[in-house]
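Fold and geometry: a report
Each chain, written out:
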Amino acid sequence: MKFLLNILLITVLSNKLWAQAFINKSLDYSAKQVEKTLTLIPDNTKDIPRNINRGSTQWRFVNFRDWTSGFWPGTLWYLYEYNHDPKLKIEADRFSRLLTPLSDEPAFDHDLGFQIFCSFGNGYRITKNPEYKKVILKTADVLATLYNPKVGTILSWPREVKKFGGHNTIIDNMINLELLFWASKNGGNKKLYDIAVKHAETTMNNHFRPDYTSYHVVVYDTLTGKRTKAVTHQGYADNSMWARGQSWAIYGFTMCFKETKKPEFLDFAQKVTDVYLKNLPADLISYWDFNDPKIPNAPRDASAAAVTASALIDLSKFVKDPAKKKLYFDKAKEMLAELSSPRYQSGDKNSAILLHSTGHHPNGTEVDASINYADYYYVEALMKLEQKRKGK
Ligand code: GLY
């Protein structure tokens with residue numbers, strides 16, 4: 001029944017007017033939730049809302065060093081871009097600026113791209129404020145200090161070198177390359193482009209099983225650059241397909257094609273996408289790990305769906321084959337339709353935008369929770385639909 005309703009919804013979605021109503025309704029809803037959250041945050045706080053645990057209405061706050069610190073200001077920037085509410089701009093600016101010290105400190109880890117590009121990156125794209133640009137360019141140089149030319153990747157977690165037994169690179173790290181590409185094209189060091197390309201190539205060669213599912217962590221010998229092992233950190237098992245990891249791969253390789261126009265990245269983006277799509281449940285929202293034996297009684301991960309939907313909108317633009325173009329775009333719309341249903345929207349349950357994401361299942365943290373990066377990529381995907389509708 002649910003499935004049939006979704007099919008009906010999707011058929012209607014192809015009608016342009018309905019699409020406009022769907023996009024506006026979902027973005028207006030998102031802005032309303034964000035405004036609710038703003039009323040819950042004390043004025044001038046330095047805390048950034050990260051997640052609301054299942055059944056709770058209370059945000060858990062983090063400081064600017066947390067890997068998720070850029071998503072809240074990034075969501076504010078997107079929604080300001082949508083509705084031009086000056087209050088959202090003030091808050092987006094204020095929360096972005098909290099992250100400024102990251103551009104001046106030695107790199108704690110690879111997450112600088114997530115942090116600075118989602119916040120200042122969107123801020124600069126929308127406002128062209130030169131102060132934001134300075135922060136972005138400085139941070140790109142800081143991120144590049146983690147690059148090991150012998151390995152050909154950025155070290156993701158310097159603090160975990162001992163634990164993993166070498167230079168560790170996680171699939172999530174693909175997303176941080178966007179900061180390097182941007183900096184290399186906007187007045188930064190041109191070498192940042194080469195680092196990003198090499199990281200993506202090395203990852204393409206070492207991070208995937210023959211069926212194109214991704215490992216979470218690959219460990220390399222720091223001195224020789226040789227791959228020594230591939231394991232999980234947040235997935236069910238070393239050999240399982242951790243949903244958000246695969247979605248980072250889909251997003252990452254699609255973005256690498258956008259930035260480089262190298263056909264091998266477009267081809268690879270499709271391969272990592274196709275295995276993900278093929279194994280989804282009927283409502284297209286993945287379980288947290290595709291191989292959890294508890295499926296269908298395992299938690300979902302709405303964040304993986306949001307990341308994937310956003311990437312698929314771009315991928316559908318880049319592929320030439322009309323059937324694949326349509327497939328990717330339709331899947332993105334179906335995922336967004338499901339995420340926009342009462343099954344996934346928080347509504348009155350809490351002031352986040354979405355429910356049912358899974359952060360770190362093996363740790364038992366943020367399981368079936370509302371998480372700021374699910375909200376960020378959901379709003380990003382809706383904004384991409386909005387831009388497409390406007391012919392941009
Ligand atoms: N980058 C960490 C995560 O996806 O949970």
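Scroll up a little and you will see the structure.
Reference entry: report on the structure contained in this document. Here the structure is a predicted model, which is why all the values come from computation and not from measurement.

**Comments concerning the packing of aromatic side chains**
The geometry of an aromatic ring pair is captured by the separation of the ring centres together with the interplanar angle, meaning the angle of the planes. Applying the stated criterion across every chain yields a total of 27 aromatic pairs. Relative to Phe268, the ring of Phe253 lies with its centre 4.9 Å away and its plane at 70°, an arrangement referred to as edge-to-face. Taken as a pair, Phe253 in helix 10 (residues 243–260) and Phe268 in helix 11 (residues 263–278) lie far apart in primary sequence, 15 residues in all. On the basis of relative accessibility, which here comes to 8%, the residue Phe268 falls in the buried class.

**Concerning the site of the ligand**
In the vicinity of the ligand, the residues found are Trp67, Asp172, Gln234, Trp242, Arg244 and Trp248. With respect to the ligand, the side chain of Arg244 contributes an N or O atom lying 2.6 Å from an oxygen atom. Taken by itself the ligand offers 200 Å² of open surface, and the protein chains cover 93% of this. Mapping the ligand onto the cavity grids shows that it belongs to the second largest pocket. Here the shell around the ligand is built from residues that sort into 3 nonpolar, 1 polar and 2 charged.

**A look at the pattern of salt bridges**
In the structure shown here, the tally under the stated rule is 25 salt bridges. A salt bridge links Arg65 to Glu105; its shortest N-O distance comes to 2.5 Å. A residue pair is termed long-range when its members are at least 10 positions apart, and Arg65 in the loop between strand 2 (60–62) and helix 3 (71–83) and Glu105 in the loop between helix 4 (86–97) and helix 5 (112–127) qualify at 40 residues. The residue Arg94 makes a salt bridge to Glu91 at a minimum N-O spacing of 3.3 Å. In this pair, Arg94 and Glu91 both sit in helix 4, 3 residues apart, roughly one turn of the helix. Its relative accessible area of 22% is what places Arg94 among the partly exposed residues. Given the relative accessible area of 12%, Glu91 is considered buried.

Cut-offs applied
- Once a new chain begins, its residue numbering starts again from 1 and follows that chain's sequence as written.
- Where local features are concerned, this predicted model is filtered to residues with pLDDT of at least 70; where side-chain atom pairs are given and counted, the filter is 80 or more; whole-chain, interface and lining totals use all residues.
- Side-chain figures throughout are based on the complete set of non-hydrogen atoms in the structure, without hydrogens or water.
- In this scheme Phe, Tyr and Trp rings, the latter by its six-membered ring, pair at centre separations within 6.5 Å, and the angle between planes marks the pair as stacked below 30 degrees, edge-to-face above 60, and tilted otherwise.
- Counting from the N terminus, the helices are DSSP H or I runs at least four residues long and the strands are E runs at least two residues long.
- Type-normalised accessible area, obtained with a 1.4 Å probe on protein chains alone, sets the label of each residue: buried when under 20%, exposed when over 50%, and partly exposed for intermediate values.
- Note on terminology: near, applied to a residue and a molecule or strand, indicates that one of the residue's heavy atoms is within 4 Å of it.
- Side-chain atoms alone can form a polar contact between residues adjacent in sequence; in general such a contact is a pair of N or O atoms within 3.5 Å, and within protein one must be able to donate a hydrogen while the other accepts it.
- Note on areas: these come from Shrake-Rupley sampling with a 1.4 Å probe, and a residue is covered only by the protein chains present in the view.
- Here a cavity means grid points, on a 1 Å grid over the protein atoms only, where a 1.4 Å probe fits yet cannot get out; a pocket means an open set of points with protein on both sides within 12 Å along at least five of seven lines; lining residues are those with an atom within 4 Å of a point.
- To be counted as sitting in a cavity or pocket, a molecule needs more than half of its atoms within 2 Å of that site's grid points.
- Note on residue classes: Ala, Val, Leu, Ile, Met, Phe, Trp, Tyr, Cys and Pro are nonpolar, Asp, Glu, Lys and Arg are charged, and everything else, Gly too, is polar.
- We define a salt bridge as a contact between a side-chain nitrogen of Lys or Arg and a carboxyl oxygen of Asp or Glu at a distance within 4 Å.

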